[in-house]
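Inside the fold
The chain contents come next:
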Amino acid sequence: MSTYQEFIQQNEDRDGVRFSWNLWPSSRLEATRLVVPVSCLFTPLKERPSLPPVQYEPVLCSRANCKAVLNPLCQVDFRAKIWACNFCFQRNPFPPSYAGISEVNQPAELMPQFSTIEYIVQRGPSAPLIFLYVIDTCLEEEDLQALKESLQMSLSLLPPNALVGLITFGRMVQVHELTCEGIAKSYVFRGTKDLSAKQIQEMLGLTKPAAPGQQGRPVAPQEAAASCRFLQPVHRVDMNLTDLLGELQRDPWPVSQGKRPLRSTGVALSVAVGLLEGAFPNTGARVMLFIGGPPTQGPGMVVGDELKIPIRSWHDIQKDNARHLKKATKYYEALANRSAVNGHSIDIYACALDQTGLLEMKCLSNLTGGHIVMGDSFNTSLFKQTFQRVFSKDYNGDFRMAFGGVMEVKTSREVKVCGAIGPCVSLHSKGSSVSENEMGIGGTNQWKLCSLDHSTTLGVYFEVVNQHNAPVPQGGRGAIQFVTMYQHSNTQKRIRVTTIARNWADAQSQIQHIESSFDQEAAAVLMARLGVFRAESEEGPDVLRWLDRQLIRLCQKFGQFNKEDPTSFRLSESLSLYPQFMFHLRRSPFLQVFNNSPDESSYYRHHFVRQDLTQSLIMIQPILYSYSFHGPPEPVLLDSSSILPDRILLMDTFFQLVIYHGETIAQWRKAGYQEMPEYENFKQLLQAPLDDAQEILQTRFPMPRYIDTEHGGSQARFLLSKVNPSQTHNNLYAWGQETGAPILTDDVSLQVFMDHLKKLAVSSSS
Amino acid sequence: MPGGFPGAPGALAGPPQKKLDPDSIPSITQVIEDDRARLGGQVFSTNIRGQVPPLVTTDFTVHDQGNASPRFIRCTTYSLPCTAELAKQCQVPLASIIKPFAKLPNNETPLYVVNHGETGPIRCNRCKAYMCPYMQFIDGGRRYQCSFCNCINEVPVFYFQHLDHMGRRVDFYERPELSLGSYEFDATLDYCKNNKPPNPPAYIFMIDVSYSNIKSGLVKLICDELKTLLEKLPREDGAEASAIKVGFVTYNKVLHFYNVKSALAQPQMMVVSDTAEMFVPLLDGFLVNYQDSRAVIYNLLDQIPDMFADTSESETVFAPVIQAGVEAFKAAECSGKLFIFHSSMPTAEAPGKLKNRDDKKLVSTDKEKTLFQPQKGVYEQLSKDCVAQGCCVDLFLFPSQYLDLATMADVPSHTGGSIHKYNNFQVETDGEHFLRDLRKDLQKSLGFDAVMRVRTSTGFRATDFFGAVYMNNTTDVEMAAVDCDKAVTVEFKHDDALSEETGALIQCALLYTTIGGQRRLRIHNLSLNCTSQLSELYKCCETDSLINFFAKSAYRAILNQPVKNVSNILVNQTAHMLACYRKNCASPSAASQLILPDSMKVFPVYMNSLMKTAPLVGSTELSTDDRAHQRLSVMGMGVEDTQLQLYPRLIPLHDVDVSSEAVPAPVRCSEERLTDSGLFLLENGQSIFLWLGQASPPDLIQSLFNEPSLAHLQQGHMFTLPELDNPLSKKVRSIIGELLEKRPNSMKLQIVRQRDKPEMLFRQFLVEDKGLHGGTSYMDFLCYVHREIRQLLT
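Rules behind the numbers
Going along each chain's sequence as written, the residues are numbered from 1 onward. Here every chain gets a letter starting at A, and every ligand a number starting at 1, in the order they are written. Thresholds applied to this predicted model are a pLDDT of at least 70 for local features of residues and 80 or more for the giving and counting of side-chain atom pairs; totals over whole chains, interfaces and linings are not thresholded and use all residues. Side-chain descriptors were evaluated using all non-hydrogen atoms of the structure, hydrogens and water having been removed beforehand. Only DSSP runs of H or I covering at least 4 residues are called helices, and only runs of E covering at least 2 are called strands; the numbering of each starts at the N terminus. Accessibility here uses a 1.4 Å probe with only protein chains present; expressed as a share of the type maximum, an area under 20% marks a residue as buried, one over 50% as exposed, and anything in between as partly exposed. Whether two residues are in contact is decided by their heavy atoms, any of which lying within 4.5 Å being enough. In these tables, accessible area is a Shrake-Rupley quantity obtained with a 1.4 Å probe, and a residue counts as shielded only by the protein chains included in the view. In this tally, Asp and Glu contribute negative charge and Lys and Arg positive charge; neither His nor the terminal groups of the chain are included. Each charge is placed at NZ for Lys, CZ for Arg, CG for Asp and CD for Glu. UniProt positions are given in the numbering used here, feature names are shortened, and annotations may be inferred rather than shown by experiment. Side-chain atoms within 4.5 Å are what join buried Ala, Val, Leu, Ile, Met, Phe, Trp, Tyr and Cys residues into a set we call a nonpolar core. The pairing criterion is simple: DSSP has to find at least two bridges between the two strands. Only the contacting stretch of a helix is used when fitting its axis, a line to C-alpha atoms as for every element, and angles between N-to-C directions run 0 to 180 degrees. By convention, the term buried area covers the 1.4 Å-probe accessible surface removed from two parts as they join, with the contributions of both added. Think of a salt bridge as a Lys or Arg side-chain nitrogen and an Asp or Glu carboxyl oxygen that are within 4 Å of each other. Identification of polar contacts relies on pairs of N or O atoms within 3.5 Å, with a donor-acceptor requirement for protein atoms, meaning one able to donate a hydrogen and the other able to accept it, and with residues adjacent in sequence counted only if both atoms are side-chain atoms. Here the term charged refers only to Asp, Glu, Lys and Arg, the term nonpolar to Ala, Val, Leu, Ile, Met, Phe, Trp, Tyr, Cys and Pro, and the term polar to all other amino acids, Gly among them. Between the rings of Phe, Tyr and Trp (Trp by its six-membered ring), a pair exists once the centres lie within 6.5 Å; its type follows the angle of the planes, with under 30 degrees stacked, over 60 edge-to-face, and the other angles tilted. Counting as a charge over the ring demands two things of the Lys NZ or Arg CZ atom: a distance within 6 Å of the ring centre and an angle within 35 degrees of the ring normal. Helix span, as expected, comes to 1.5 Å for every residue beyond the first. In this description, the arc belongs to the directions extending from the helix axis to the C-beta atoms.

Remarks on the overall build of chain B
For chain B, the count of helices and strands is 22 helices and 29 strands. Once the C-alpha set of chain B is aligned to its principal axes, its extents read approximately 80 × 80 × 55 Å. Within chain B, the fraction of its 794 residues that count as buried is 60%. Sequence-distant contacts, at least 24 apart, represent 72% of the contacts inside chain B between residues at least 6 apart. When the accessible surface of chain B is summed, it comes to about 31,000 Å², and 48% of that surface belongs to carbon and sulfur atoms. In chain B, which carries 79 positive and 91 negative side-chain charges, the distance between the mean positions of the two groups comes to 4 Å.

Written out as structure tokens, the structure reads:
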């Protein structure tokens, strides 16, 4: 372990953890002075091909309020067959099955390389996965056709024993019965009436009149069978469902001129949630909602059916002019919470040119770990391939989705957990390790992740509670254990345990060590998550000001400078990139709503708070590659100076892949040189970024928007809006040279931003 | 020709122990026979004002010459008293029984349709009466005077025509509205809902698929029958196919709608469980053209009985079912009819849920009326909704116990619907009977979404309306649908004095939608005489119409007052009417002599029969539902139906002439007319009995039943006559068949042997005898009335 770089990389590979600080300040006071909190990005189900799960139950600490899992950090007395919990210091005897252990015969969970270990446990009957399609039928014919095909295709991708259900909606909501022979049968609900879960279950015939004394009993088998009319194993109803989907018609109710179709999305979701709630509580299930427009009637209505009244914009929201916003949001939040309690996740696949109400509905996915996919049409490869990728499989042939996750965080005494930010809901479990200081979703040390996959990443924030005068804690290391229980896609119940430890450092004597343990990438993403979390409830400018203040304080703390002399300002290597990240973050759609609809902002934020570090960084600061005849493809600065006539640029913003042909290249391409055999090398140059883009397209979820443009092309704006505007129409002549491309913007460039930052950092007044 | 009837002098006043000769008191059968002999087969021309038409039981041909045919309008009297005092003095009710869609025999011309172009029918500016033969053209034909309100109107330019030397328009005979009593106008958009031409009406079949209906086999029976029946939906004259759309709903606690769009390979079922707020889950494919969707509908009808074959659901809803129909029509913007096949009291949790409130202890008390009153609330509003949308409800009930018919039939009885009831339905014995009803009902010609307005010339006006109708205000009679058997009884009162010279005019205008979806106005005009002579008034009375009026008004009265009061009023008014005649019109004679006006001489027997009907007789042995059913059925009846209902036909069959076409002459409805060795057929439009005397000749039994003697007849034989190839069997079956054909409702043939227990059922229809559940014999009643009259006279 030579450098922190390597240490960080190794930790991420093994445990899926990236900490902002890899040395922890030993007291609360020192910790707060570091500005960036002790926090980490944690990927609970990080793909670990080298980690075969063990087939037994974890050994738990016997102290009732601890229950930490035996781990490599525990002290073990092999002779006495006793282990000491490293969190509460309780001494525990090993269970009888561990009688044979010794120094040379250790169970896996004691070996240092198994700081992350996965247990397969046999608890309760295994429940099949459940997929409930909820389909908007107010689509254009072409869109509906494409969607039907995608859905029919998806049937073949589902595990054969998975249960599927079908709900369609337009003006009415229809729950389709899947077992019928002859006559296709469906239950219909009015799209305007808010029904309670009990009413829905009654109307679907899911509740038998309870015999006295039977109340509160778990679902009896025959009741489950009744609900099975709507949720059937794929292999049994494959044909039926294919036919049903095939016969699906557009909503037949007439839509008069100047009106939007009546879309009862709210009731449809309520029915879906109610159905699953009644039939399969606490079982992994996915509600997949496909919509082609905003909800226009009933509870959860986002916009009325009058076309002359457009859907709310940021402007309306700021002016408090969005009539339905609060009510709809509240409605969907209530649904999302109900769904989350039962461990059912909700995906939203929204394909329309206009907004579809994601702003109001986002909580459905955000709280339940569902996906949000946003596209222009169901008839695009963006949707089709993204949707296919939902069902992709890992190296074992298992689906890359897990359900009903519960993540618990245990900490050693000096550390408390403040909260988490990610696709999760609080389980309100107040333990001794819960801090009163909330960051993100706090006040608990357990979170529910209704659905998670290998890349689902949470930001977890901690607080050092050791008092300033207290000695550096015993053992010299602080420990954190993540215990994640979940339902694997093969229906097994599994528990993954990750235990990590970091050294304490005295901030006064060892500040350089702490500084060099700073993981600026992780810190940038963790701070960004805090910013995005705030942006959901606070005004945009306030969030930016908060971010700026944090950055200035950090620079003041760690920068080397002479007072009042900006030119003397220096940052060490471990912090050098951090201001740049913040610069791009300030410009990103996660914090800027200008030029984005409320739906787009919700969409971007949704993905930002769940992706792992690498993807998050791409989102903050897109990657720019350059292809030219001057050498092999290379990453270049995300700067307007990188835009040169003889270059092809490939920009990856996570959501978009832009291939930009420089002016000369574009002219050559137009002239058709690539067709001529003597310009084979040009053809290859053109092909290179396409191949690289393909590679990204292959793996990314959701599929990015693919843009092929050139100098002067209208879509070049995607690139121009992202690069650092170092050359603008304001300073072009000052630079004199015709390098790069001027950007027509009044935004400040990174250089100006840095100058200001330095000035503020060195000033004694701030 | 006023006069008493001979043969009863003095004797009536004498000691009751002296037995009267039953033949000496007025006989309905005799009156009918006389009228038939006098007027049967003749042409009745309607060119004379105040002309008394032949009896309803007489076959005659009508020639419309300016007044509506008696098939459309009959009156209690054709000479109205000139003043209100006179009317009050005689207490003869002034009423018309209007059957706007009465069936016309083939030899009478159907109504002409007149089109007055874009401006719509020509109407009086003041009273809005429609152009009719009574309008007086003046001023060389440029203006006309309305004979209803005397307003003088301009004749529109396009309608101008010169007058001849008689002051009649030259085109008098070319224009139905100037020369006929009944005709139709094409309505313009002004007469349509929302100023949009109506869509063709629709029929929705709503089948209760709860356990009892499935188990009895009813559902299968209906589904099988519909396959053939739907081919025979009524259609506009000359139209190739019926324009009526059809839809299907099944239900128990929840409703199942079916998408039977022709493009589908198989029907789709949509379940709506939200019975609290009913809605129609689909638009396209619910109401379809039968011809187009035949294959899908067949498929559906085949599957329905199987789909619910193992149902155990016994609870049903009812109000939501009707609501669903209304919503469906609303969505399709059409009017139509619901055929509801229902089994039990709706007890499932939903609007219109009913509780058993049958309480036999209330019979003969002041609270008895509550048994007839519908439960308020949901159904009241539902009737309103139905009428507003033009949704007629026909109810077929298959109860095995009390189901609160008074409430359940509330909507049908306000929407021009019919109520059919089959107690303890069994496919083997009642199947055919029910299917006949269904067939008749489905094929009836009718009009939808109708509003009727009765206008009168000055001096009197329509004040009260009785029938299966809904009244939103005091003048407009609204009917979701009106068919060829439904009649509205209209009572008139004086406003002012009437003039003998000008007489009295009635114009009944009915705005409706045809089965083809056209908006029409049907106009019936009738001119009546006015008289200041009571004798003239009595001469022009019509007993059959009077009894229709009395039946309806009595049946309505029992909703609000004790049955006993109502009976008293009936007797008192009868006595009063007759006493007034005696006092003012009859030539002086002994007080002990009962003198009846010729036109009303059988009135007492009808009145007596009316008072013995189930609704008016307080007996705990009668089922509350049956009483309510009869009450409601009569409310929509025309004169023919009430006549038959109150005086059944008793036809002797033992000496029938098998070679003759004719039906043997009926005999009086009295046990005395039966003979031990006779066979009799009795029918009243609701029930039909074949009565077998205990000494019936074995050869007759053999011919009819293929059994050697009466004793061999088993229970199973009691509902059908086997088809045997002998003249007697053929003749009897043809008589029965003809009767079944003729009556608006099907009747279930019941074969009873003399002295068997079921004979009781038969005996209650011998209306001249003492009633089984109370009520006097004809003879006693006559004596009683006579006593009352004498009391009034002294």
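Describing the UniProt feature "domain: Sec23/Sec24 helical" (unreviewed entry) in chain B
Annotation from UniProt places "domain: Sec23/Sec24 helical" (unreviewed entry) at residues 543-642 of chain B. The annotated region residues 543-642 of chain B carries 62% helix and 0% strand content, and the separation between its end C-alpha atoms amounts to 11 Å.

Observations regarding the nonpolar core
Across soluble globular proteins, nonpolar side chains have a tendency to be buried as a group. Within the largest apolar cluster, 183 residues are counted, with the highest numbers of intra-cluster contacts made by Phe189 and Phe462 of chain A together with Phe248 and Phe434 of chain B. With ten residues, helix α13 (residues 520-535) of chain A is the single largest residue contributor to this core. Residue contacts for Phe248 of chain B: discarding those within four places in its chain leaves Ile204, Phe205, Leu226, Leu230, His256, Phe257, Tyr258, Val260, Phe286, Ile297, Leu300 and Leu301 of chain B. Listed in part, the 70 residues of the second largest apolar core include Leu578, Cys585, Met635 and Tyr647 of chain B.

What to know about the sheet that holds strand β9 (residues 152-154) of chain B
The pairing of strands in a sheet comes from backbone hydrogen bonds and takes either a parallel or an antiparallel form. All names here are of chain B. The strand order across the open sheet built from three strands is β7-β8-β9, with neighbouring strands paired in antiparallel fashion. The outermost strands of the open sheet, each flanked by one partner alone, are β7 (136-138) and β9. For this sheet, the mean angle separating the axes of adjacent strands, direction not counted, is 30°. Two elements, strand β8 (residues 143-145) and β9, share three bridges in a ladder whose sense is antiparallel. Paired with Gln145 across the bridge in β9 is Ile152.

A short note on the interface of chain B and chain A
Contacts between the two partners involve 25 residues from chain B, matched on the other side by 19 residues from chain A. Carbon and sulfur atoms make up 58% of the area that chain B and chain A hide from each other, which totals about 1,900 Å². Taken as a group, Met269, Val271 and Phe279 of chain B account for 26% of the area that chain B buries against chain A, more than any other trio of residues on that side. One can count three salt bridges joining chain B with chain A. When the shortest N-O distance is used, the salt bridge between Lys193 of chain A and Asp274 of chain B registers 2.9 Å. Summed over the shared surface of chain B and chain A, the result is twelve residue pairs in polar contact (both at pLDDT 80 or more). Where the side of chain B that touches chain A is concerned, the elements lending two or more residues are β14 (268-272) and α6 (290-307) of chain B. Residue contributions to the side of chain B that touches chain A peak at five residues, all from β14 of chain B. Among the residues making up the side of chain B that touches chain A, the classes are represented as 18 nonpolar, four polar and three charged. Where strand β11 (residues 184-190) of chain A lies against β14 of chain B, five bridges are found, and the strand directions are parallel.

Focus on the packing of aromatic side chains
Per the stated rule, a full pass over the model turns up 69 aromatic pairs over all chains. Between the aromatic rings of Tyr349 of chain A and Phe387 of chain A, the centroid separation amounts to 5.4 Å while the plane-to-plane angle is 80°, which identifies the pairing as edge-to-face. On the criterion of sequence distance, the pair formed by Tyr349 of chain A in strand β14 (residues 344-351) and Phe387 of chain A in helix α11 (residues 381-390) is long-range, its members being 38 residues apart. Considered together, Tyr349 of chain A and Phe387 of chain A belong to a single accessibility category, that of buried residues. We note Arg168 of chain B situated over the ring of Phe172 of chain B; from NZ or CZ to the ring centre the distance is 4.5 Å. Above the face of the Phe101 of chain B ring, Arg522 of chain B is positioned so that its terminal group lies 4.4 Å from the ring centre.

A word on helix α1 (residues 28-39) of chain B
For an α-helix, the turn length of 3.6 residues means that residues three or four places apart are oriented alike. Residues and elements named next belong to chain B. Relative to the 16 Å expected for twelve residues at 1.5 Å per residue, α1 spans 16 Å between its end C-alpha atoms, a close match to the ideal helical length. For α1, the set of buried residues is Ile28, Thr29, Ile32 and Asp35. Angularly, the buried residues of α1 cover 130° about the axis, an arc narrow enough to put them on a single face. Seen from the open side of α1, the exposed residues pointing more than 90 degrees away from its buried face are Ala37 and Arg38. Considering only its buried residues, α1 is in contact with α16 (603-611) and α18 (639-646). The positive-phi residue at the C-terminal boundary of α1 is Gly41, with phi of around 75°.

Concerning the pairing of strand β24 (residues 504-513) of chain B
All names here are of chain B. Taken across its ten residues, β24 has ten buried, putting it largely inside the fold. The alternating pattern of β24 places Ala504, Ile506, Cys508, Leu510 and Tyr512 and Leu505, Gln507, Ala509, Leu511 and Thr513 on opposite faces, both of which are buried. Note: strand β19 (residues 446-456) against β24, seven bridges, orientation antiparallel. From the neighbouring strand, Met452 faces β24, where its bridge partner is Leu510. Pairing between β24 and strand β25 (residues 519-531): ten bridges, direction antiparallel. When the sheet's bridge partners are listed, Tyr512 is paired in β25 with Arg520. Adjacent in sequence and paired antiparallel, β24 and β25 are bridged by five residues, among which Gly517 carries a positive phi angle near 90°.

A look at helix α19 (residues 698-705) of chain B
Residue and element names in this part refer to chain B. Regarding α19, the residues found buried are Leu700, Ile701, Ser703, Leu704 and Phe705. Taken down its axis, α19 places every buried residue within 165° of arc, on the same side. Looking one or two places after α19, you find Asn706, whose phi comes out positive at around 60°.

Structural notes on the pattern of salt bridges
Any two side chains of opposite charge can pair, so long as their charged atoms come close to each other. Residue and element names in this part refer to chain B. Here the structure, examined in full by the defined rule, presents 81 salt bridges over all chains. A salt bridge links Glu640 to Lys99, with the nearest nitrogen and oxygen atoms 3.4 Å apart. Taken together, the residues Glu640 in helix α18 and Lys99 in the loop between β5 (95-98) and β6 (113-114) connect sequence positions 541 residues apart.

Re the environment of Asn356 of chain B
Residue and element names in this part refer to chain B. Within the fold, Asn356 resides in the loop between β16 (336-342) and α8 (369-372). Considered as a pair, Asn356 and Pro588 are 232 residues apart in the sequence and their alpha carbons are 58 Å apart. Look past the residues within four positions of Asn356 in its chain and what remains in contact with it is Met345 and Tyr402. Within the local environment of Asn356, its side chain forms a polar contact with the backbone nitrogen of Asp358, the two atoms lying 2.9 Å apart.

Re the sheet that holds strand β3 (residues 73-75) of chain B
Residues and elements named next belong to chain B. Spatial ordering of the open sheet is given by β3-β5-β23-β20, a layout of four strands whose pairing is antiparallel. Each having just a single partner strand, β3 and β20 (460-466) make up the two edges of the open sheet. The mean inter-strand angle of the sheet, taken between neighbouring strand axes irrespective of direction, is 25°. Across four bridges, the pairing between β5 and strand β23 (residues 488-494) is antiparallel. In the strand pairing of β23, Ala95 is matched with Glu491.

Some words on unusual backbone geometry
In the segment running from Phe701 of chain A into Pro702 of chain A, the intervening peptide bond is cis, with an omega of -10°. Relative to the elements of secondary structure, Pro702 of chain A occurs in the loop between α19 (680-699) and β29 (705-710). Of note in the backbone geometry, His428 of chain A takes a positive phi value of approximately 50° without being a glycine. For His428 of chain A, the location among the structural elements is in the loop between β18 (425-426) and β19 (446-452). Classification of His428 of chain A by relative accessible area gives exposed; the value is 63%. Positive phi, normally seen in glycine, also occurs at Asp449 of chain B, with a value near 50°. Assignment of secondary structure puts Asp449 of chain B in strand β19. Relative accessible area serves as the criterion here: at 12%, Asp449 of chain B is assigned to the buried category.

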